[in-house]
Amino acid sequence: MVLVDLDRVARWSLVASVALLVDAIGAKGVPVVHATFPWMVVGGVGVDFGLYVDGLSAAVLVMVAAVAAMVFVYATGYMKGDERYSVFFAIFSLFTASMFGVVTASNLLQLMVFWEIMGVCSFLLIGYYYERPEARRAAFKAFITTRIGDMGFLLAVAALFARFWTLDIPTLMAHIEQVAPGIQGWLWVVCALLFIGALAKSAQFPMYIWLPDAMAGPTPVSGLLHSATMVAAGVFLVLRTYPMFEAASFPPMIAGAGIFTALFGALLALTETDIKRTLAYSTMSQLGYMMAALGCGGYVAAVFHLITHGFFKSLLFLSAGSVIHGAKTQDIREMRGVGRTMPITAACFLVGSLALAGIPPLAGFFSKDAVLASMLGYAQHVAPFRGTIILVVGLMTAVLSAFYMFRVYFGVFTGPGKKYHESPSRMLVPMVVLASITVVVGAINLPGVSFSLAGLLEPGKVEEAVPWLMALSASAAGAGLYIAWESTRLRAALHGTGPLPRNLQILYGGIFLKPVFFVSRFLREMQMDQLLMGIVVNPVLWACELASKLNPDVIYMKVLVPGVQWAASALSSVDVRVVDAAVMGVGRAGLGMARGFGFADRRGVDGAVNGVAGGTLALGRTLKKLQTGVTANYALFMIVIGVVIFYVAWWLVR
Amino acid sequence: MVPPLYFMVLGAIVFLIGMLGFLTRRSLIQALMCLELMTSAVTLTLLAIGRTMPDGGLEGMVLATFLIVIGAAEVGMGLAIVILYFRRHGDATTDDIDLLRG
């Protein structure tokens, strides 16, 4: 009954993207669709408009189409009864269309156009409940922060066009690879600018501040934008232009930024009390993983994780939305035992959490393992010191990811609680569908299997398996889960459900009191287990408290914004004083010139004219004296002149 | 024969006398008389030049005849103007004739 309601467009787009994917698999590396028509062309150079679908686009497209379809159906249930229902779906549809545009764009300008449309739709959607001031603020923050990144993007695109005269992606990448050795410095700067755009869109440090506040929008918005699409667009941009980054030797920067964000996000998520904000920080952290993988040369790993993350994060957001719908609150401290009365939601959330934590055999395990494998490869083959650090941080983040997710799961869904209403099927069915996909989607890139995502993206490559790493990552996930479980049990046992300081005390107390309370367990379990917890958890919790206080937000608000405002007012006063003075000066000069001309005109020209007239008058007055009126005078003149003429004629004739 | 040149010279002299007289006389009638002198001088000169022609001066005689007639008409008219002027102004001197003065 729900699938019948699925919007026809969503249905068709899903079908189309699957068809494209099948095509792409068959094509083995050759782009499936590269159709363009000239769009803005001036004198032979310009920008086209068209489609470009290769393995990467096809794979991402399927993920986006599937998630979008599910979220659409979910949203029809979630937004039911809202008075601006149609407005919501209008913007939502526009957003989805623009995401498709980004994925299938054939050139960077087109990509940017759709990227910007996404930014605007995100602004409109985050600020959908515009009556709430925090929603308005969040919408502005999101738009402006991503806009700063867009500036870098624009500069990079302009620079690339100025040098290569084309923005068509495959052509551009080929050109860059050819001339790369000669333009290293320039290329690095262009990559950095482009990367800033990706950073802002994907909420990496330091441009992540918009993502937690963006949770003020409706949950379906988070389910689509902040899991599978908009934040993925930043990673997608880097994926699309990866040859350029490689040519400029830029990936180490990506890796550094990514892994730092991964750890940072995980730390922030650990002590968050709002369920959606936790997921927001989690998104930031997982995107950091993808960036880190890219930085270590793990193209396939990054794509794999992008796809799996799209599915399970969307699932988590939708489940959270379902919980919020039922519990009427977003604070996890006020939700207990939800699982009893909302079993389907709980199960979906559990699947999502397992996937995010990276517990086999769910999707997240394989993709996270691929990410870690790429880091390992980097450490082994390229840069041992850096690579090892990255790998270690990656593993730490994996533990923390499991920890924070299960902290939420155990705290919210288990134990005794109130009676909640399960959400309507219109919301549940998409969640279940996404959950089932999440379980199996790991199969798209199984190590050692020839038909895989790797084969799609880099033809002929077979993913290799690193067994000990897989074991390590699985146990890292398991460790995190276990810590979360323990902390929740302790908390429940001691009835301490207050704010963070109390939790910390309880956990400290729990760690140290454990051996006393559970001596027998000590003997049974590995001692390494407890030691690890004692060494790891204390500093981690201290660090995460510190991290949550760091808050670049404040710095931005107190320093950056007033600074920019001051600069703007200074420039404006310069404009008033200098520019206006210049303009006035020109005006005055013109006036003076005009006066001068007028003067010259009056004195000179008029003088000349008057002079002529006066001269004529004077001549007349003089000549008038000749006219005496006396006939004899006239006769004399006649005679004299007659004589003169006679002589002149005589002289001439002679 | 007296050479025509002498007559031409005489004519010139008489013309000059007439011209000078015309320009300097106060009395209108005296001016008219000088005018008549000039006409006569011209006639004489004309006849003298005619004499130098191969046909024996006939052309000159014809022109002189014309001039006599013209001179008569001219005197008649001149006197008529003087009489009218006298009637208007009460005298016939050139002192106050300056209506054309600019």
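Note that this is a predicted model, so its numbers are computed, not measured.

Basis of the calculations
Residues numbered from 1 in each chain as written. Chains lettered and ligands numbered in written order. Predicted model: local features only at pLDDT ≥ 70, side-chain atom pairs only at ≥ 80, totals over all residues. Helix = DSSP H or I, 4+ residues; strand = E, 2+ residues; numbered from the N terminus. Buried ≥ 20, exposed ≤ 12 C-beta atoms within 10 Å, placed from the backbone. Contact = placed C-beta atoms within 7 Å. Core = buried A, V, L, I, M, F, W, Y, C linked by C-beta atoms within 7 Å. Domains from an automatic or database assignment. Axes fitted to C-alpha atoms, helices over the stretch in contact; angles between N-to-C directions. Parallel < 35°, antiparallel > 145°, perpendicular 65-115°, else oblique. Left-handed = near helix turned anticlockwise from the far one by under 90°. Expected span 1.5 Å × (residues − 1). Nonpolar A, V, L, I, M, F, W, Y, C, P; charged D, E, K, R; others polar. pLDDT = per-residue confidence, 0-100.

*Asks:* Can you help me understand the overall build of chain A in this one?
*Replies:* Secondary structure assignment for chain A yields 27 helices and two strands. Out of the 654 residues in chain A, the part that is buried amounts to 46%. Sequence separation of at least 24 residues holds for 78% of the intrachain contacts in chain A that already meet a minimum separation of 6.

*Asks:* What is the right way to read the nonpolar core from this model?
*Replies:* Generally speaking, nonpolar side chains in soluble globular proteins are found buried as a group. Val64(A), Ile126(A) and Val235(A) are the most contacted members of the largest nonpolar core, which totals 186 residues. Of the residues forming this core, the biggest block, 20 residues, is contributed by helix α3 (residues 55-78) of chain A. The two domains that each donate at least three residues to this core are domain 1 (1-249) and domain 2 (251-449 + 473-547) of chain A. For Val64(A), the contacting residues outside a window of four places in its chain are Met99(A), Phe100(A), Val103(A), Ala228(A) and Thr229(A). With 11 residues, the next largest nonpolar core counts Ala31(B), Cys34(B), Met38(B) and Leu46(B) among its residues.

*Asks:* What exactly am I supposed to notice about the packing of helix α17 (residues 343-357) of chain A against helix α20 (residues 425-440) of chain A here?
*Replies:* Any two packed helices are characterised by the angle at which their axes cross and by the distance between the axes. All names here are of chain A. With their axes 10 Å apart at the nearest point, α17 and α20 run at an angle of 30 degrees to one another. Relative to α20, the element α17 is oriented roughly parallel. In this structure, α17 meets α20 at a crossing whose hand is left-handed. Taken together, the residues of α20 that come into contact with α17 (itself represented by Ile 344, Cys 348, Val 351, Gly 352 and Ala 355) are Leu 428, Met 431, Val 432, Ala 435, Thr 438 and Val 439.

*Asks:* Before we go on, may I ask you to explain helix α27 (residues 631-653) of chain A in this structure?
*Replies:* The α-helix advances 3.6 residues per turn, and as a result positions three or four apart in sequence lie on the same side. When the terminal C-alpha atoms of α27(A) are compared, their 32 Å separation across 23 residues agrees well with the 33 Å that a helix rising 1.5 Å per residue should span. The buried count for α27(A) comes to zero of 23 residues, which makes it a mostly uncovered element.

*Asks:* So what exactly am I meant to see when it comes to the interface of chain A and chain B here?
*Replies:* Many structure descriptions define interface size as the accessible area lost when the parts assemble. On the chain B side, the residues contacting the 10 residues of chain A number 10 residues. Examining the composition of the side of chain A that touches chain B, we find that five residues originate from one element, α27(A), more than from any other. Looking at the side of chain A that touches chain B residue by residue, the class counts come to five nonpolar, four polar and one charged.

*Asks:* Looking at this structure, I do not really get the environment of Phe7(B). What am I missing?
*Replies:* All names here are of chain B. Structurally, Phe 7 is set in helix α1 (residues 4-24). Judged by the 17 C-beta atoms lying within 10 Å of it, Phe 7 falls in the partly exposed class. Measuring from C-alpha to C-alpha, the distance between Phe 7 and Leu 46 comes to 9.5 Å, with 39 residues separating the pair along the chain. For Phe 7, the contacting residues outside a window of four places in its chain are Leu 44, Leu 47 and Ala 48.

*Asks:* Would you mind going over the confidence of the model for chain B with me for this structure?
*Replies:* Any region with low pLDDT has predicted coordinates that should not be read closely. With 99% of its residues at a pLDDT of 70 or more, chain B shows a mean pLDDT of 89. The ipTM value of the predicted complex is 0.74, and its pTM value is 0.65.

*Asks:* I would appreciate a short explanation of the packing of helix α14 (residues 275-295) of chain A against helix α19 (residues 384-413) of chain A in the present structure.
*Replies:* All names here are of chain A. Contact geometry for α14 and α19: axes closest at 11 Å, N-to-C directions at 160 degrees. Classed by the angle they form, the pair α14 and α19 counts as roughly antiparallel. Between α14 and α19 lies a crossing whose hand is left-handed. Of the residues in α19, those touching α14 at Ile 275, Thr 278, Ser 282, Ser 285 and Ala 292 are Ile 390, Gly 394, Thr 397, Ser 401, Tyr 404 and Val 408. Looking at side-chain class alone, the contact of α14 with α19 contains five nonpolar, six polar and no charged residues.

*Asks:* Explain unusual backbone geometry here, please?
*Replies:* Keep in mind that most residues, glycine aside, have a negative phi and that most peptide bonds are trans. Residues and elements named next belong to chain A. Backbone geometry at Trp 165 places phi at a positive 60 degrees, although glycine is not the residue there. Structurally, the position occupied by Trp 165 is in the loop between α6 (133-164) and α7 (169-179). The phi torsion at Ser 249 lies on the positive side, around 55 degrees, for a residue other than glycine. In this fold, Ser 249 is placed in the loop between α12 (242-247) and α13 (251-270).

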